Amino acid sequence: GATIGFELNDRWTFETGLVYSNKTFDYLATNRMGLPINEKEIQKVNLRIFEIPLIAQFNFQKTTKWRSYAAFGLRAHVVGFSDFNASKLVLSHEIPEAGSRGAFHGGRLASNLYASANIGFGFERRLTKSFSLFIQPSYQLALNRMGPYEDKMNTLSLVMGARTTL
């Protein structure tokens, strides 16, 4: 993805943009009590998600070569495409069709939209006056439910990349 940051002063930076992520995981559909729904196991789920972050960064340390910071804010997520590969026959119902498709593949936008609160920290190493590398682990806490079984997508991620100053 690509983000753009606005440096307010030596302590604060604000960032927004468009980020793509691919989440693949094993899944067993359960109800809110943790019991299997209709004994249908979904072996693999693949979600292709587009995110719009609104992130504030607070610099703890900023030198000519290094920067350490805390990052926090909100993200809007849209599941653009989704693939569910089921392994067992359904006893009573199928997965809801509109809820199992991504928003860009015939699914309802409301079923594929969720928001998250984000917190993380990062380290950045400046290589030249206008180019640096960074690493930023972060945690995303889902604020609402999405998908055919109204799941919450809490995520721990590690973002690495390059930054350039325009």
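Just so we're clear, the structure is a prediction, and the values are computed from it rather than from any experiment.

Scoring rules and cut-offs
- Residues numbered from 1 in each chain as written.
- Predicted model: local features only at pLDDT ≥ 70, side-chain atom pairs only at ≥ 80, totals over all residues.
- Heavy atoms only, no water.
- Helix = DSSP H or I, 4+ residues; strand = E, 2+ residues; numbered from the N terminus.
- Buried < 20%, exposed > 50% of the residue type's maximum accessible area, 1.4 Å probe, protein only.
- Contact = heavy atoms within 4.5 Å.
- Areas by Shrake-Rupley, 256 points an atom, 1.4 Å probe, with all protein chains shown as cover.
- Salt bridge = Lys/Arg side-chain N within 4 Å of Asp/Glu carboxyl O.
- Phe/Tyr/Trp six-rings, centres within 6.5 Å; stacked < 30°, edge-to-face > 60°.
- Core = buried A, V, L, I, M, F, W, Y, C linked by side-chain atoms within 4.5 Å.
- pLDDT = per-residue confidence, 0-100.
- Pairing = 2+ DSSP bridges.

Caption draft 1: Structural context of the overall build of the chain. Helix and strand counts for the chain come out as one helix and seven strands. Going from N to C terminus, the chain has its helices and strands arranged as β-β-β-β-α-β-β-β. Per-residue burial for the chain yields a buried fraction of 34% across its 166 residues. Of the contacts formed within the chain by residues at least 6 apart in sequence, a portion of 62% connects residues at least 24 apart. As displayed, the chain offers around 10200 Å² of accessible surface, 62% of which is attributable to carbon and sulfur atoms.

Caption draft 2: Region of interest: the pattern of salt bridges. Evaluation of the coordinates by the stated rule reveals six salt bridges. Residues Glu7 and Lys62 are paired through a salt bridge, measuring 2.9 Å at the closest nitrogen-oxygen approach. Pair noted here: Glu7 is in strand 1 (residues 2–7) and Lys62 is in strand 3 (residues 36–62), with a separation of 55 residues, a long-range link. The partner of Glu124 in a salt bridge is Arg67, with the nearest N and O atoms 2.9 Å apart. A residue pair is termed long-range when its members are at least 10 positions apart, and Glu124 in strand 5 (residues 113–126) and Arg67 in strand 4 (residues 66–86) qualify at 57 residues. For Glu124, a relative accessible area of 7% gives the class buried. Each of the salt bridges in this network shares a partner with another, and the network as a whole consists of Glu15, Arg67, Glu124 and Arg163.

Caption draft 3: Summary view of the packing of aromatic side chains. The full count for this structure, using the stated rule, is eight aromatic pairs. Ring plane angle 80° and centroid distance 5.7 Å describe the contact between Phe58 and Phe60, whose orientation is recorded as edge-to-face. Judged by relative accessible area, Phe60 falls into the exposed class, the value being 52%. An aromatic cluster is defined as three or more aromatic residues linked by ring pairs; in this entry it consists of Trp12, Phe14, Phe58, Phe60 and Phe72.

Caption draft 4: Here's a closer look at the nonpolar core. Of all hydrophobic cores here, the largest spans eight residues; its members are Val45, Leu47, Ile49, Val79, Tyr114, Ala142, Met146 and Met153. Looking at which element gives the most residues to this core, the answer is strand 3, with three residues. Excluding residues that lie within four positions of it along the chain, Met146 makes contacts with Val79, Ser111, Leu113, Tyr114, Asp151 and Met153.

Caption draft 5: Summary view of the confidence of the model for the chain. Summing up the model confidence of the chain, the mean pLDDT is 83 and the portion of residues at 70 or higher is 78%. When mean pLDDT is compared element by element in the chain, strand 6 (residues 131–142) scores highest at 96, while helix 1 (residues 97–100) scores lowest at 50. Low confidence marks residues 89–99, where pLDDT is under 50. Its contacts with residues over four positions away, or in another chain, come to 21 contacts.

Caption draft 6: View of the pairing of strand 6. Residue alternation in strand 6 divides its side chains into a buried set, Ser132, Phe134, Gln136, Ser138, Gln140 and Ala142, and an unburied set, Phe131, Leu133, Ile135, Pro137, Tyr139 and Leu141. Where strand 5 meets strand 6, nine bridges bridge the pair, whose relative direction is antiparallel. Directly across from Arg126, in strand 6, lies its bridge partner Ser132. In sequence, strand 5 turns back onto strand 6 through a hairpin of four residues. Pairing of strand 6 with strand 7 (residues 155–164), which is carried by ten bridges, proceeds in the antiparallel orientation. By the bridge assignment for strand 7, Pro137 is matched with Leu158.

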